[in-house]
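# Understanding the architecture of this molecule
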Protein chains: 2
Amino acid sequence: MTEKVVIIGGGAAGPKTAAKLRREKEDIDIDLYTQEDIISYSACGLPYFIENIIQDIDTLIVRTPEDFEKQNIHIHLKQRCIKVNTDEKTVLMLDLNTNTEYTVEYDFLVIATGAIPVMPDIKNINLKNIFTLRTIQDGINIKQKMFQSQNAVLIGGGYISIELLEALVHNNLHVTLIEKEKQILKMFDEDFAERIRDYIIGRNPGQVSILTNENVIDFQGNDKGEVTKVITESGKEIIADFVILGTGVRPNTDFLQGSDIKLGVKNSIRVGNTLRTSKCGIYAAGDCVDNYNLVTNKYTWVPMGSTANKEGRCAAINIAGGSCTFDGILNSTITKYFNLTISIIGISYKEALSYGFQPEFAIVTKRDKAGYMPDSGMMTLKLIADRNTHAILGIQGIGEGDVTKRVNTVIPAILSKTKLETFMNLDLPYSPPYSPAIDPVLNAAQIIYQKING
Amino acid sequence: MTEKVVIIGGGAAGPKTAAKLRREKEDIDIDLYTQEDIISYSACGLPYFIENIIQDIDTLIVRTPEDFEKQNIHIHLKQRCIKVNTDEKTVLMLDLNTNTEYTVEYDFLVIATGAIPVMPDIKNINLKNIFTLRTIQDGINIKQKMFQSQNAVLIGGGYISIELLEALVHNNLHVTLIEKEKQILKMFDEDFAERIRDYIIGRNPGQVSILTNENVIDFQGNDKGEVTKVITESGKEIIADFVILGTGVRPNTDFLQGSDIKLGVKNSIRVGNTLRTSKCGIYAAGDCVDNYNLVTNKYTWVPMGSTANKEGRCAAINIAGGSCTFDGILNSTITKYFNLTISIIGISYKEALSYGFQPEFAIVTKRDKAGYMPDSGMMTLKLIADRNTHAILGIQGIGEGDVTKRVNTVIPAILSKTKLETFMNLDLPYSPPYSPAIDPVLNAAQIIYQKING
């Protein structure tokens, strides 16, 4: 009898699992269920759709249900999983069109239900024009409203808010970003968060406000039930034609409460490096699973489209009978604010301290090319290494220069625990249009090494 | 008595050694001798000076003799070393101003005499307007001639010729590049050399000719003794207002013939990983020393400004009594031809075969960003790994997209012998403006891994 694979979730990991599994194995039934009315799209592209750098929303669609059908993969839209019965090997589904429940059997189950926004505890949060950004429809709604608006408020100071800030500033809105912690982008050390904040404010003085240490406690609306003002605990009242909540996401795993599938950090699904859950035959991938951090050797939860794709691919290979391991992550993230690249890899200095390392750091501000090349750009790197082992623990990079090459160069070195003294003499290719004779990232390693031995 | 350090050579390694040594140690005499009338300049920037992207030659000067004098480093211009007497710890110098010889004593000697052009065996090579490009004066002479010319011939198909080709094409000259081997850029596999050639020809059809398998045997001149034609073995006659010889360089070590300092590949100076030569108290750094290749574990000779800087720094630390090792290189090189980035790291497929590896490869042509980002660029990567060990051996990359980030990402992985199966799931930071969800360099690793296990 042909084996039956049921995949729950239509974001990145589910469709990737389905597509890869079909390439690996022809004689297997693949059914993918999603509660949305669309599948296989790049949620990470939504800020650029809103910004209107991308005009056509369809360009964010990786594959349509018809594309999948051609590969003999059956897509079931608007179907929500409400329970997994691991003993009977069935899932209880809810048809959102008809509101009726039904049962589906599986030999292999792949849970790829992603993440959902965390709704903060703020009064009147159900007013109109208070958005979250997770789905295609969210993106369409926000963009439509943006074109009719002058004032927007972003709540939360994470990457998504920075990307939306660019989108809104680019479209000439006045924007206030409100963060309840003392810094935006809390994964960064405070000095770097401050530099980023200064860049943002300095680029459009008067158009952008960033409030930190501010807690939003209330929204006020008009008689149409539309938000008009955002009220903070300290008494600030900010005019808003609309609000976007960037207050974080959490694993979409509520339907697993009471099941015997082991959960991990923040109720994400605990998977081993084969992407198998605690139950035989059940795999999970993407934003709903936890991640092993290869620097701290602790489990963490970092939802990320690139990880979701790798995990989906890996789960598919294993379901097909092959062998693939996904050992973990390095908390690598990147975004941009207009020309400013913003990236952090591994752990920050403050995290390194909290994890019991004995960190040392170097900050270098240098040009990305030979100084005499007319189009060189500046960048600032902060490299962190451990005094005991000389291993590199992380890097933070910001700048209009080519930051991304430097942070990428560090990644395999973090993974393989390359020592500073080896890394600082790394043979990076040199030519004036690409770097100074000694690359800034190597300078940073030299400086830490001298600090440690000095 | 204060120790006396004598440095021979004023390019990159010599000045770097002097500057770093002074920072490490105050109570030491430092004297630097060079046969040129200028020191501490970026020879790698000369093609961009000729192209006129850089107008002022002084911007290529890193430090002037006056800068050094302020640091109590004494610069002696137009002084050539003609012999080293290791028993007496002296060098015999020739003053090029007065043509008189004299002797200088040292406690530490640093040889950093760089490389000099190889002059090919071609008739009438002493005609006027046949240039090599090594010194600042060469750059000034070529640029001056370029502005008065319409037709130029470049002999040799290495990086320097590609960079000069850009310079000349940008200034509207008709250029013929002649290479005696069957491909340009011989460090690349033939398929990649062919792609690069196609790009160059396709960018300016009719303006650029590239002749391979052509041997130049003769130059013809006018009655002023100026070159007018280049004659090849196959009978081609190419009109030339000037010619630039890019037929390679060799270590500038003729003055060491007969000394007891051990020489290595191509008569470069053999140094260990401390940059010490076979003789106690004598160090060498830069283009005149050989290099240990960390992929093949064989000595090689790859002159490179970045290596020269690292070696000079390392030699200085060791002379000052510290401890620094420079373990070797990965043959990392990069250049550009207008918007096309051209890079190779480690070894090519053909080299891998010749060194007894069992290489497998993958070629991927992909966009450098998410496909829906409007400013994404294409690139082609060729990744090479060993079937036995799964270690990555090298990467070749070309494209208008961001090639340089991808090749750099591979470098620490080559060094640490990271296996394909680990590398292919590397946590590279993802965001649509910076890469597709799975980076092309990881795709390439996935493909090789599947080829090996398939």
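Residues numbered from 1 in each chain as written. Chains lettered and ligands numbered in written order. Predicted model: local features only at pLDDT ≥ 70, side-chain atom pairs only at ≥ 80, totals over all residues. Heavy atoms only, no water.

When you go through chain A residue by residue, the secondary structure sums to eleven helices and 25 strands. A globule of 454 residues ought to have a C-alpha radius of gyration of about 22 Å, and chain A, at 23 Å, matches this closely. Expressed as lengths along the three principal axes of its C-alpha atoms, the size of chain A is roughly 65 × 60 × 40 Å. Counting only residues that meet the buried cut, chain A has 59% of its 454 residues in that class. For chain A, the share of sequence-separated contacts (at least 6 apart) that also reach a separation of at least 24 residues comes to 61%. (Helix = DSSP H or I, 4+ residues; strand = E, 2+ residues; numbered from the N terminus. Rg over C-alpha atoms; globule rule 2.2 N^0.38 Å. Buried < 20%, exposed > 50% of the residue type's maximum accessible area, 1.4 Å probe, protein only. Contact = heavy atoms within 4.5 Å.)

Counting residues at the interface gives 67 residues for chain A, matched by 67 residues for chain B. Carbon and sulfur atoms make up 61% of the area that chain A and chain B hide from each other, which totals about 5,500 Å². It is Tyr-372, Asp-427 and Tyr-434 of chain A that lose the most area in chain A upon contact with chain B, and together they represent 13% of the buried surface on that side. Here chain A is connected to chain B by zero salt bridges. The biggest single contributor to the side of chain A that touches chain B is helix 9 (residues 403-415) of chain A, with eight residues. Tallied by class, residues from the side of chain A that touches chain B come to 33 nonpolar, 25 polar and nine charged. (Buried area = accessible area lost by both parts, 1.4 Å probe. Salt bridge = Lys/Arg side-chain N within 4 Å of Asp/Glu carboxyl O. Nonpolar A, V, L, I, M, F, W, Y, C, P; charged D, E, K, R; others polar.)

All chains considered together, the criterion is met by four cavities of 30 Å³ or more. The computed volume of the largest cavity comes to approximately 70 Å³. As for the largest cavity, its lining consists of 15 residues, of which Leu-428, Pro-429, Tyr-430, Ser-435 and Asp-439 of chain B are closest to the centre. Sorting the residues of the lining of the largest cavity by element identifies helix 7 (305-319) and helix 9 of chain A as the ones contributing at least two each. When its residues are assigned to classes, the lining of the largest cavity shows eight nonpolar, four polar and three charged. (1 Å grid on protein atoms, 1.4 Å probe; cavity = no way out; pocket = protein on both sides within 12 Å on 5 of 7 lines; lining within 4 Å. Points joined across faces, edges and corners; volume = space filled by probe spheres on them.)

A few words now on the domain arrangement of chain A. Residues and elements named next belong to chain A. The domains assigned to chain A are domain 1 (3-44 + 58-115 + 255-319), domain 2 (130-246) and domain 3 (339-452). Using only C-alpha atoms to locate each centre, domain 2 and domain 3 end up separated by 31 Å. Contacts between domain 2 and domain 3 engage 13 residues on the former and 19 residues on the latter. A buried area of about 1,300 Å², summed over both sides, lies between domain 2 and domain 3, and 59% of it is on carbon and sulfur atoms. When the area that domain 2 buries against domain 3 is broken down by residue, the three leading residues are Asp-189, Phe-192 and Tyr-199, summing to 47%. At the surface where domain 2 touches domain 3, the tally comes to eight residue pairs in polar contact (both at pLDDT 80 or more). The leading source of residues in the side of domain 2 that touches domain 3 is helix 6 (residues 190-203), at five residues. (Domains from an automatic or database assignment. Polar contact = N/O pair within 3.5 Å; in protein donor to acceptor, adjacent residues only side chain to side chain.)

Even without a glycine there, the phi angle at Asn-52 of chain B is positive, about 80°. Its location among the elements puts Asn-52 of chain B in the loop between helix 2 (46-51) and helix 3 (65-70).

Moving on: helix 5 (residues 159-170) of chain B. Residue and element names in this part refer to chain B. The terminal C-alpha atoms of helix 5, which comprises twelve residues, lie 17 Å apart, in line with the 16 Å expected from a rise of 1.5 Å per residue. Counting buried residues along helix 5, ten of its twelve residues qualify, which places the element largely inside the surrounding structure. Those residues of helix 5 that fall on the buried side of the exposure criterion are Tyr-159, Ser-161, Ile-162, Glu-163, Leu-164, Leu-165, Glu-166, Ala-167, Leu-168 and Val-169. In the stretch just after helix 5, Asn-172 is the one whose phi turns positive, near 70°. (Expected span 1.5 Å × (residues − 1).)

With that out of the way, let us pick up the packing of aromatic side chains. Residue and element names in this part refer to chain A. Here the structure, examined in full by the defined rule, presents ten aromatic pairs over all chains. Between the aromatic rings of Tyr-292 and Tyr-299, the centroid separation amounts to 5.2 Å while the plane-to-plane angle is 75°, which identifies the pairing as edge-to-face. The exposure class of Tyr-292 is partly exposed, given its relative accessible area of 28%. Given a relative accessible area of 34%, Tyr-299 falls into the partly exposed group. Taking the ring centre of Phe-338 as reference, the NZ or CZ of Arg-203 above it sits at 3.5 Å. (Phe/Tyr/Trp six-rings, centres within 6.5 Å; stacked < 30°, edge-to-face > 60°. Lys NZ or Arg CZ within 6 Å of the ring centre and 35° of its normal.)

This paragraph deals with the sheet that holds strand 5 (residues 90-95) of chain A. Residue and element names in this part refer to chain A. Strand order across the open sheet formed by three strands is 4-5-6, with antiparallel pairing between neighbours. With partners counted over all chains shown, the strands left at the sheet margins are strand 4 (79-85) and strand 6 (100-105), one partner each. For this sheet the average axis-to-axis angle between neighbouring strands, irrespective of direction, equals 30°. With six bridges connecting them, strand 4 and strand 5 associate as antiparallel partners. Residue pairing across strands places Lys-83 opposite Leu-92, the latter belonging to strand 5. (Pairing = 2+ DSSP bridges. Axes fitted to C-alpha atoms, helices over the stretch in contact; angles between N-to-C directions.)

Moving on, we get to the relation of the copies chain A and chain B. Mapping chain A onto chain B is achieved by rotating through 180° and translating by 0.0 Å along the same axis, at an RMSD of 0.0 Å. Here the symmetry operator amounts to a two-fold rotation axis. (Least-squares fit on C-alpha atoms with pLDDT ≥ 70 in both.)

Residues and elements named next belong to chain A. The strand order across the open sheet built from three strands is 13-14-15, with neighbouring strands paired in antiparallel fashion. Only two strands of the sheet have a single neighbouring strand rather than two, namely strand 13 (216-221) and strand 15 (237-239). Each strand axis lies, on average, 25° off the axis of its neighbour in the sheet, ignoring direction. Here strand 13 runs beside strand 14 (residues 227-232); their pairing, made up of five bridges, is antiparallel.

Another point: the environment of Asn-141 of chain A. Residue and element names in this part refer to chain A. By secondary structure assignment, the location of Asn-141 is in helix 4 (residues 136-147). Asn-141 sits in the partly exposed class, given a relative accessible area of 29%. It is 8.8 Å that separates the C-alpha atoms of Asn-141 and Asn-129, two residues lying twelve residues apart in sequence.

Moving on to the pairing of strand 6 of chain A. Residues and elements named next belong to chain A. Where strand 5 meets strand 6, six bridges bridge the pair, whose relative direction is antiparallel. Looking across to strand 6, one finds that Met-93 is bridged to Tyr-102. Between the end of strand 5 and the start of strand 6, which pair antiparallel, lie four residues, with Asn-99 showing a positive phi angle near 60°.

Attention now goes to the nonpolar core. Core analysis: the biggest nonpolar cluster contains 162 residues, and Val-84 and Ile-111 of chain A together with Val-84 and Ile-111 of chain B have the highest contact counts within it. Filtering out sequence-adjacent residues up to four positions away, Ile-111 of chain A remains in contact with Ile-8, Phe-255, Leu-256, Ile-261, Ile-269, Ile-282, Tyr-283, Ala-284, Ala-285 and Cys-288 of chain A. (Core = buried A, V, L, I, M, F, W, Y, C linked by side-chain atoms within 4.5 Å.)

For Thr-333 of chain B, the location among the structural elements is in strand 21 (residues 333-337). A relative accessible area of 8% means that Thr-333 of chain B is categorised as buried. Among all residues touching Thr-333 of chain B, those that are not within four sequence positions of it are Pro-429 of chain A together with Tyr-159, Met-304, Ile-342, Ser-343, Ile-344 and Ile-345 of chain B.

For chain A, per-residue confidence averages 97 on the pLDDT scale, and 100% of positions sit at 70 or higher. Interface confidence in the predicted complex, given as ipTM, is 0.96; pTM for the same model is 0.96. (pLDDT = per-residue confidence, 0-100.)

Turning our eyes to something else, we now look at the packing of helix 9 of chain A against helix 9 (residues 403-415) of chain B. Running from N to C, helix 9 of chain A and helix 9 of chain B cross one another at 25°; their axes reach a closest spacing of 7 Å. Between helix 9 of chain A and helix 9 of chain B, the angle falls in the class roughly parallel. Every pair of crossing elements has a handedness; the one defined by helix 9 of chain A and helix 9 of chain B is right-handed. Together, Thr-404, Lys-405, Asn-408, Thr-409, Pro-412 and Ala-413 of chain A of helix 9 of chain A and Thr-404, Lys-405, Asn-408, Thr-409, Pro-412 and Ala-413 of chain B of helix 9 of chain B make up the contact between the two elements. (Parallel < 35°, antiparallel > 145°, perpendicular 65-115°, else oblique. Left-handed = near helix turned anticlockwise from the far one by under 90°.)

In this section: the pattern of salt bridges. Under the counting rule described, the total for this entry stands at 34 salt bridges over all chains. Of the charged contacts in the structure, one is a salt bridge between Lys-382 of chain A and Asp-189 of chain A, with a shortest N-O distance of 3.0 Å. Remark: Asp-189 of chain A occurs in the loop between strand 11 (174-178) and helix 6 and Lys-382 of chain A occurs in strand 24 (residues 378-386); sequence separation between them is 193 residues. When its relative accessible area of 4% is taken as the criterion, Asp-189 of chain A is described as buried. Measuring nitrogen to oxygen at the nearest pair gives 3.0 Å for the salt bridge that ties Arg-250 of chain B to Asp-254 of chain B. Salt bridges sharing common partners tie together Asp-189, Asp-191 and Lys-382 of chain A.

Residues and elements named next belong to chain B. Mapping Ile-178 onto the fold places it in strand 11 (residues 174-178). When the C-alpha positions of Ile-178 and Val-243 are compared, they lie 11 Å apart, and in sequence the two are 65 residues distant. The contact partners of Ile-178, leaving out residues within four places of it in the chain, are Val-153, Leu-154, Ile-155, Gly-156, Leu-211, Glu-214, Val-216, Val-230, Thr-232 and Ile-238.

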